Amino acid sequence: MLNRTIIMGRLVRDPELKTTQSGLSVTSFSVAVERDFKDKGSGEKITDDFDVVAWRQTAEFVCKYFSKGRMIVVDGKLQSRK
């Protein structure tokens, strides 16, 4: 089976680098993605926010080079949490 997701949008806030007890780097951030169409009632574009978690060198890279409002492309797998 295939589980691959590509998300392109803007960072909602600055990512913060954290470290687990075992020493792994991790960061979580939200990406705001505009839909291709506008809301019929208000005429405004609708955005969807996606929560993303990055680990190890990817987490360090994101925290070093990206900040709030910057465009980002995320390629990974989709998982749901309960």
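Check the entry above for the structure.
Right, let's walk through the structure included here. (Residues numbered from 1 in each chain as written. Predicted model: local features only at pLDDT ≥ 70, side-chain atom pairs only at ≥ 80, totals over all residues. Heavy atoms only, no water.)

**A word on the overall build of the protein**
Argument step 1. Each helix and strand counted, the protein has one helix and five strands in total.
Argument step 2. In the protein, the order of α-helices and β-strands from amino to carboxyl end is β-β-β-β-α-β.
Argument step 3. Overall, the C-alpha framework of the protein stretches about 50 × 35 × 20 Å when taken along its three principal axes.
Argument step 4. Out of the 82 residues in the protein, the part that is buried amounts to 22%.
Argument step 5. Restricting the contact set of the protein to residue pairs at least 6 apart, pairs at least 24 apart contribute 57%.
Argument step 6. Carbon together with sulfur atoms contributes 49% to the accessible area of the protein, which is approximately 6900 Å² in total.
Argument step 7. Averaging the coordinates of the 15 positive side-chain charges in the protein and doing the same for the 11 negative ones gives two points 4 Å apart. (Helix = DSSP H or I, 4+ residues; strand = E, 2+ residues; numbered from the N terminus. Buried < 20%, exposed > 50% of the residue type's maximum accessible area, 1.4 Å probe, protein only. Contact = heavy atoms within 4.5 Å. Areas by Shrake-Rupley, 256 points an atom, 1.4 Å probe, with all protein chains shown as cover. Lys, Arg positive; Asp, Glu negative; His and termini not counted. Charge placed at Lys NZ, Arg CZ, Asp CG, Glu CD.)

**Brief notes about the pairing of strand β4 (residues 45-55)**
Two faces make up the sheet, and in a regular strand the side chains alternate between them.
Argument step 1. Sheet topology note: the strand β3 (residues 25-38)/β4 ladder contains 10 bridges and is antiparallel. Looking across to β4, one finds that valine 33 is bridged to aspartate 48.
Argument step 2. Count of turn residues in the β3/β4 antiparallel hairpin: six residues, of which glycine 43 carries a positive phi of about 80°. (Pairing = 2+ DSSP bridges.)

**Brief notes about the side chain of threonine 27**
Argument step 1. Structurally, threonine 27 can be placed in strand β3.
Argument step 2. At 2.9 Å, the side chain of threonine 27 forms a polar contact with the backbone oxygen of glutamate 16.
Argument step 3. With residues near it in sequence (within four places) discarded, threonine 27 still touches Pro15, Glu16, Leu17, Val52, Val53, Ala54, Ala59 and Cys63. (Polar contact = N/O pair within 3.5 Å; in protein donor to acceptor, adjacent residues only side chain to side chain.)

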